[in-house]
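# Structural description and commentary
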Amino acid sequence: MKCRVCGQDAHISLRSYNTALCSQDFISFLEKRVFDTIQKYNLIGNNDTPIVAVSGGKDSLSVWHILNKLGYKADGVYVDLGIGEYSQESLAKIKKTAEGLQRKFFVFPIRKIFEKGIDEIAKVMRRVPCSACGMIKRYAINKVCMDNGYNVLITGHNLDDEAAALLGNLLYWKEEYLWKKSPFLDGHEGHLSRKVKPLFLCSEREMAAYALISGIDYIHDECPFSINAKSLTYKNILNNLEETSPGTKLQFIKGYLKTIKGIEEKKRDISYCTTCGYPCYGGTCSMCRLLHRFHIKDRIGFEEWGSNLDITQKMMT
Ligand code: FES
Ligand code: ZN
């Protein structure tokens, strides 16, 4: 097979586009796709201050890499869940990427704050680790955005993630979540940042190829607690459909975007925590309740890793 652009040997076939490309042209193709998505859906503007939620995996590190390559000067934020080697290795990969990009990133070190990892915290909260993790991540990421003036939060969700989530929401008619699958969620003025997903139209396979060809050093393991059987099942179903009808996932998501155009988002009224003042849905926020439970008042903060490669670790109160 020959590359559609340059006519040299092709290295990757893109069946959903009915084409094949060499490595170099594939990189240009994918970066252009991300750029076009950002432009078409107004994900990031010239006056925005973006930050990427990084996990150490291929998608978040790749989107961080691509954005900076495209000229969007984005910093990073990482919630260190304190899961032994998995978290240490993730942090090491993030540091390495940040050094390469010469960007700053913030770390919310759960084990230093709570003296426990996410699994032990979840037990105290009587929740599954993923639910405790979701709550802490939301709080920490909001806090870093609000305290440091980042108005756009970028996540590495790709086409497969979005298609699987959409399928799940449709199967159970979770109407309240359906609008959430658009490539961006508006923030609340001056408070919650806008959340955007520039990889919305890039598949898992394309992102793995991009990371490999670009030499992005990412953690291959999934979080040991995030093995969500349902979303994996949906991904498998969609992959089977894709196998027989290439382009199905893309059409599914694009059709959805057309359908929801013009539909008003159902926004919940946001209020502010009576203890810490950060956004929540009434009374005292879950994080303040958790801190109270652990008798923690003054260890809540971030480590900041400098863009000049000097480690400027500090915990802010
Ligand atoms: Fe949430 Fe692992 S528990 S990513
Ligand atoms: Zn609070």
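So, here's what we can say about the structure.

To continue, consider the packing of aromatic side chains. Applying the stated criterion to the full structure yields 9 aromatic pairs. Between the aromatic rings of F106 and F302, the centroid separation amounts to 6.3 Å while the plane-to-plane angle is 85 degrees, which identifies the pairing as edge-to-face. In this pair, F106 is assigned in strand β5 (residues 105-109) and F302 in the loop between α12 (286-293) and β11 (303-305), connecting sequence segments 196 residues apart. Among the residues examined, F106 registers a relative accessible area of 0% and is labelled buried. Given a relative accessible area of 1%, F302 falls into the buried group. Aromatic side chains F108 and F302 sit 5.2 Å apart centroid to centroid with 55 degrees between the ring planes, which places their arrangement in the tilted category. Here F108 is found in strand β5, whereas its partner F302 is found in the loop between α12 and β11, with 194 residues between them in sequence. Of the two residues, F108 and F302, neither departs from the other in class, the shared state being buried. The structure contains a cluster of three or more aromatic residues connected by ring pairs, namely F106, F108, Y150 and F302.

A few words on the nonpolar core. Nonpolar side chains in soluble globular proteins tend to end up buried together. The biggest cluster of nonpolar side chains holds 57 residues, and the ones touching the most others in it are F26, I44, W64 and L67. Per-element tally for this core: the top contributor is helix α1 (residues 23-40), with 6 residues. Filtering out sequence-adjacent residues up to four positions away, W64 remains in contact with V52, V54, A74, D75, G76, I94, T97, A98, L101, R103, K104 and F105. Among the nonpolar cores identified, the runner-up in size contains 41 residues, and I83, M135, L153 and L290 belong to it.

Let us look at unusual backbone geometry. A positive phi angle is found at R126, which is not glycine, with a value near 55 degrees. If you trace the backbone, R126 turns up in the loop between α5 (118-125) and α6 (129-148). Owing to a relative accessible area of 77%, R126 belongs among the exposed residues under this scheme. Positive phi values are uncommon outside glycine, yet H295 reaches one of about 55 degrees. The exposure class assigned to H295 is exposed, which follows from its relative accessible area of 74%.

It is worth spelling out the coordination of the zinc ion (ligand 2) at this point. Coordination sphere of the zinc ion (ligand 2), protein contribution only: C273 (SG), C276 (SG), C285 (SG) and C288 (SG), at 2.2 to 2.4 Å. In this structure, the zinc ion (ligand 2) is coordinated by 4 donor atoms arranged in tetrahedral fashion, with angles at the metal of 105 to 120 degrees. Along the chain, the residues that donate to the zinc ion (ligand 2) are spaced as C-x2-C-x8-C-x2-C. Residue class for C273 comes out buried when judged on its relative accessible area of 4%.

This brings us to the environment of I213. As for its placement among the helices and strands, I213 is situated in helix α9 (residues 204-214). Distance from I213 to K58, taken between C-alpha atoms, is 12 Å for residues 155 residues apart in sequence.

For the rest of this paragraph, the subject is the pairing of β5. Buried residues dominate β5, accounting for 5 of its 5 residues. Of the two faces of β5, both are covered, the one formed by F105, V107 and P109 as well as the one formed by F106 and F108. Note: strand β4 (residues 75-80) against β5, 5 bridges, orientation parallel. Residue pairing across strands places G76 opposite F105, the latter belonging to β5. Note on the crossover from β4 through helix α3 (residues 84-101) to β5: the handedness is right-handed. Looking at chain direction, β5 and β11 are connected through 3 bridges and run antiparallel. Opposite F106, over in β11, you have E304 as the bridge partner.

Procedures and definitions
Going along each chain's sequence as written, the residues are numbered from 1 onward. Whichever chain is written first becomes A and whichever ligand is written first becomes 1, with later ones labelled in order. Reporting of local features is limited, given that this is a predicted model, to residues whose pLDDT is at least 70; pairs of side-chain atoms are given and counted only at 80 or more, and all residues count toward the totals for whole chains, interfaces and linings. Hydrogen atoms and water are omitted, and side-chain values are computed over all heavy atoms in the structure. A pair of Phe, Tyr and Trp rings is counted when the ring centres sit within 6.5 Å of each other, with Trp represented by its six-membered ring. The angle between the planes then sorts it: under 30 degrees is stacked, over 60 is edge-to-face, the rest tilted. Runs of E in the DSSP output that reach at least two residues are strands. Runs of H or I that reach at least four are helices, and both are numbered from the N terminus. With a 1.4 Å probe rolled over the protein chains alone, any residue whose accessible area is under 20% of its type maximum counts as buried; one over 50% counts as exposed, and the rest are partly exposed. Here, nonpolar core refers to any group of buried Ala, Val, Leu, Ile, Met, Phe, Trp, Tyr and Cys residues whose side-chain atoms link them within 4.5 Å. When checking whether two residues touch, look at their non-hydrogen atoms; a contact exists if any pair is within 4.5 Å. Metal sites are built from N, O and S donor atoms within 2.8 Å, or 3.2 Å for Na, K and Ca, and they leave out water, so they may look incomplete. A site with four donors is called tetrahedral when every donor-metal-donor angle falls between 85 and 135 degrees; four donors are called square planar, and six octahedral, when opposite donors sit more than 155 degrees apart and all other angles fall between 65 and 115; any other arrangement is irregular. Here, strands pair whenever DSSP counts at least two bridges between them. The path from the first strand over the helix to the second decides the hand: if it runs clockwise while the strands point away from the viewer, the crossover is right-handed.

Read these as spatial facts, not as claims about activity.
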